[in-house]
Amino acid sequence: MKIAVCVKQVPDTWAEKKLTDADRTLDRESADGVMNELDEYAVEEALLLTEASGGEVVAVSMGPDKAEETVRKALQMGADSGIHIVDDSLHGSDAIATSLVLSKVLADKGFDLIIFGSESTDARMSVVPAMVAERLGVPQMTFANKVEVAGETLKIQRQTEYGYDEVESSTPAVVSVVEKINEPRYPSFKGIMAAKKKPIETVTVADAGVDAGQVGLAAAWSQVDQFSERPPKAAGVKIEDDGSGGVKIAEYLSEQKFI
Amino acid sequence: MPDFRLSPEHEDLRKTVEAFAHDVVAPVIGDFYEREEFPYDIVRQMGDMGLFGLPFPEEYGGMGGDYFALCLAIEELARVDSSVAITLEAGVSLGAMPIYRFGTEEQKQRWLPELTSGRMLGAFGLTESSSGSDAGDIATTAVRDGDEWVVNGAKVFITNSGTDITGLVTVTARTGTDEAGRPEISAILVPSGTPGFTVAPKYSKVGWNASDTHELFFDDVRVPAENLVGERGRGYAQFLRILDEGRIAIAALAVGLSQGCVDESVAYANSRQAFGKPIGRNQAMSFKIADMEARTHVGRLAYYEAGARLLAGEPFKHQAAIAKLVATEDAVTNAREATQIFGGYGFMNEYPVARFWRDSKVLEVGEGTSEVQRMLIARELGVG
Ligand SMILES: Cc1cc2nc3c(=O)[nH]c(=O)nc-3n(C[C@H](O)[C@H](O)[C@H](O)COP(=O)(O)OP(=O)(O)OC[C@H]3O[C@@H](n4cnc5c(N)ncnc54)[C@H](O)[C@@H]3O)c2cc1C
Ligand SMILES: Cc1cc2nc3c(=O)[nH]c(=O)nc-3n(C[C@H](O)[C@H](O)[C@H](O)COP(=O)(O)OP(=O)(O)OC[C@H]3O[C@@H](n4cnc5c(N)ncnc54)[C@H](O)[C@@H]3O)c2cc1C
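All names here are of chain B. Within the structure, ligand 2 sits among 16 residues, and Thr127, Ser133, Phe157, Thr369 and Glu371 are positioned closest to it. Between ligand 2 and Phe124 there is a distance of 2.9 Å, counted from a nitrogen atom to a backbone nitrogen or oxygen. Thr369 places a polar side-chain atom, nitrogen or oxygen, 2.7 Å from an oxygen atom of ligand 2. Surface burial for ligand 2 is 63%, taken as the share of its 980 Å² of free accessible area covered by protein chains.

Structure follows, in structure tokens:
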């Protein structure tokens, strides 16, 4: 089985995220970059599948020079090779452009599965997997908490609010995974050493066959005009319990639209 | 110029263990500590990451790394918790290393794959109730009877010796007397569960409460003759070598604890308010933290340098003793200062700094007391 895993570099989950003043895109310099957490689950699932029945795992990331670290991390975990899509024109790309570039790079490479995280922790649109599936014309098997492949049949459990749906499709297909699916491994030192020798192919927008005018901030369908800091935390509300405390809490919660 | 920056691989390892300690160890270790329970699942995950195999070659299931890599992993773990750090340190440096360095090929094939994967823990029993610092003066005996050794005696304070996954303990024992009438000491490998080998209930300890420590009894314990580890009569020299490098690892553990004190103190000093401002705005508090940071940094340089010598195959005993002495005494100081910064909360077990304070003390004692380090350093200087 040949599997591609799409991995995105995002600012460290614990770090405070900032936008730049210049063009109001994410300030990627101000925080350490890490692999998007759900993408670790995606890599793990690809490794589990190929460890069980053989195959090859290719990690794919679109992002600035620094994003190579995230491709490397996938290789340290055990992926066989990487593709890093890097090009100045990509700065500020929206989900539509991101999916265009990813699908162009992924097309015609003979992947049986293309595995994604179901959401990034920075932009959190949760749409890239579906967009890539649509562009490639393959089934979108999203929000999987379990994946099984038998021959050319793919079965997943799609996590829903109430439980899960069992969904079946043919391969090739796009899969996106949720956190329940597995427990991602930490790279071992052997993996870290081995990753030094694994190939990472660098691909530009032109190599991908995409016109630079279709990507980047200027081509984005929506742009951030203005932003302001999150307001400081307001003081909490104290409710004295004079016998009607429960009711007051319920009223407060419903006022705030929590219940 | 000497260069103390980490190689990219060492840095990637450090970051990986840092993330593991933060995500996996930190959220749960306080509960294990409180219940004085060994964290099997954390140890299993450390094994899966290859931490127990770091300094061993791949042919024995190792990671093909080096002893310095092990020290980095120990430091990052200890930044969050010392019990898991000492479990790794003792498992590798005391459990597996004697077999790797001095064992026969058969012993290595039989034991190392299990030990380097972390599926099994090994222990090293040197200390006895009446001999600790003077570890050559032991009473445990091993007598050759046909194809077997018969071991009699007892060991105290032995780390990793009584977990469900402990597979062996290597003990030092008298196997005779040399021509000059001095005891001949050898190392014998005793598998867990051998008849006559009993493990006492765990100690009630001041710290390291999620780490496993027991007294061990050997009552006519019979093991095959081939369980001799290394040459007969070389047991003393062998464990000195093991302890020399172990000191670098204990220094790394102490530096981790010191760094943990800094991490916790910075966060607390910036958020805790007294007299209408964060306590960190008082120089009395911020200078404490600056001193803590400086001590941590110096301890780290000391163990990095001792580690660099070890890797280069140069003499490192002297530097290891200095690193151990400085880093452990500074860890005790940092833990005392950190708990002071935390005020009353520093005395509450649920705060990591309270755990650090309780865990720091033993660092000045285990694997050679501070006095023993000073003896070694002074002796090298030709004093006394
Ligand atoms: C600060 C900020 C400002 C933004 N401003 C705008 C704007 O003005 N206009 C606009 O249209 N969009 C904007 N975006 C959206 C953003 O550029 C896109 O959302 C992003 O390119 C991809 O979408 P996502 O991260 O939400 O992916 P999701 O759909 O949440 O990601 C799901 C999965 O897709 C994969 N994936 C996503 N991105 C990549 C990648 N680069 N390489 C490899 N795999 C990937 C991963 O597997 C991931 O887990 C902004 C984002 C941020 C953080
Ligand atoms: C939690 C824990 C885990 C341990 N794990 C292990 C283990 O896995 N394996 C193992 O073999 N041992 C282990 N030990 C034992 C440890 O190594 C010894 O406790 C240590 O070496 C000190 O020995 P002692 O306790 O007998 O002290 P003693 O040797 O009795 O020393 C008492 C005091 O006298 C001082 N002193 C002794 N001689 C001199 C001298 N000549 N000059 C000046 N001062 C001197 C010492 O520095 C110390 O302050 C462990 C101990 C603890 C507490």
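Residue and element names in this part refer to chain B. Within the fold, Asn349 resides in the loop between α8 (317-341) and α9 (352-360). Taking C-alpha positions, Asn349 is 21 Å from Thr87, a pair spaced 262 residues apart along the chain. Once residues within four sequence positions are removed from consideration, Asn349 is found in contact with Glu34, Ala354 and Arg358. Reaching out from Asn349, the side chain makes a polar contact with the side chain of Arg358 at a distance of 2.7 Å.

The subject of this paragraph is a nonpolar patch on the surface. Where nonpolar side chains cluster on the molecular surface, the patch consists of A:Val237, A:Ile239, A:Ile249 and A:Tyr252 and spans about 320 Å² of accessible area. Its location among the elements puts A:Val237 in the loop between β11 (200-203) and α6 (245-255).

Time to look at the sheet that holds strand β7 (residues 140-150) of chain A. Residue and element names in this part refer to chain A. Strand order in the open sheet formed by nine strands is β9-β8-β7-β10-β6-β1-β4-β5-β11, and the pairing between neighbours is mixed. Whereas interior strands pair on both sides, the edge strands pair on one side only; in this sheet they are β9 (164-170) and β11. In this sheet, neighbouring strand axes are inclined to one another by 30 degrees on average, regardless of whether the strands run parallel or antiparallel. As defined by bridge partners, strand β8 (residues 153-159) adjoins β9 across seven bridges and the pair is classed as antiparallel. Counted as the bridge partner of Leu154 is Ser169 from β9. Packed onto the sheet, helix α1 (residues 37-53) meets β1 (2-6), β4 (56-62), β6 (113-117), β7 and β10 (173-177) and runs at close to 150 degrees relative to β6. Along the sheet, helix α3 (residues 95-106) makes contact with β1, β4, β5 (81-85), β6 and β11, crossing β4 at roughly 150 degrees.

Each side of the interface is counted separately: chain A has eleven residues, and chain B has 19 residues. Interface of chain A and chain B: buried area, both sides summed, is about 1400 Å²; carbon and sulfur atoms make up 66% of it. Taking the shortest distance from any N to any O, the salt bridge between A:Glu183 and B:Arg44 comes out at 4.0 Å. Where chain A touches chain B, the interface holds two residue pairs in polar contact (both at pLDDT 80 or more). A breakdown of the residues in the side of chain A that touches chain B according to their chemical character gives six nonpolar, two polar and three charged.

Glancing now at the side chain of A:Thr142. All names here are of chain A. In this structure, Thr142 sits in strand β7. Owing to a relative accessible area of 8%, Thr142 belongs among the buried residues under this scheme. Those residues in contact with Thr142 that lie beyond four places of it in its chain are Pro129, Ile156, Arg158 and Ser176.

In a disulfide, the sulfur atoms of two cysteines are covalently bonded to one another. Residue and element names in this part refer to chain B. Applying the stated criterion to the full structure yields zero disulfides over all chains. Just so you know, Cys261 is unpaired, no disulfide at all, and the nearest cysteine sulfur is the one on Cys71, 19 Å from it. Cys261 sits in the buried class, given a relative accessible area of 0%.

Rules used throughout
- Residues numbered from 1 in each chain as written.
- Chains lettered and ligands numbered in written order.
- Predicted model: local features only at pLDDT ≥ 70, side-chain atom pairs only at ≥ 80, totals over all residues.
- Heavy atoms only, no water.
- Near = heavy atom within 4 Å.
- Polar contact = N/O pair within 3.5 Å; in protein donor to acceptor, adjacent residues only side chain to side chain.
- Areas by Shrake-Rupley, 256 points an atom, 1.4 Å probe, with all protein chains shown as cover.
- Helix = DSSP H or I, 4+ residues; strand = E, 2+ residues; numbered from the N terminus.
- Contact = heavy atoms within 4.5 Å.
- Patch = residues over 30% accessible without salt bridge, like charges linked within 9 Å, V, L, I, M, F, W, Y side chains within 5 Å.
- Salt bridge = Lys/Arg side-chain N within 4 Å of Asp/Glu carboxyl O.
- Pairing = 2+ DSSP bridges.
- Axes fitted to C-alpha atoms, helices over the stretch in contact; angles between N-to-C directions.
- Buried area = accessible area lost by both parts, 1.4 Å probe.
- Nonpolar A, V, L, I, M, F, W, Y, C, P; charged D, E, K, R; others polar.
- Buried < 20%, exposed > 50% of the residue type's maximum accessible area, 1.4 Å probe, protein only.
- Disulfide = S-S within 2.5 Å.

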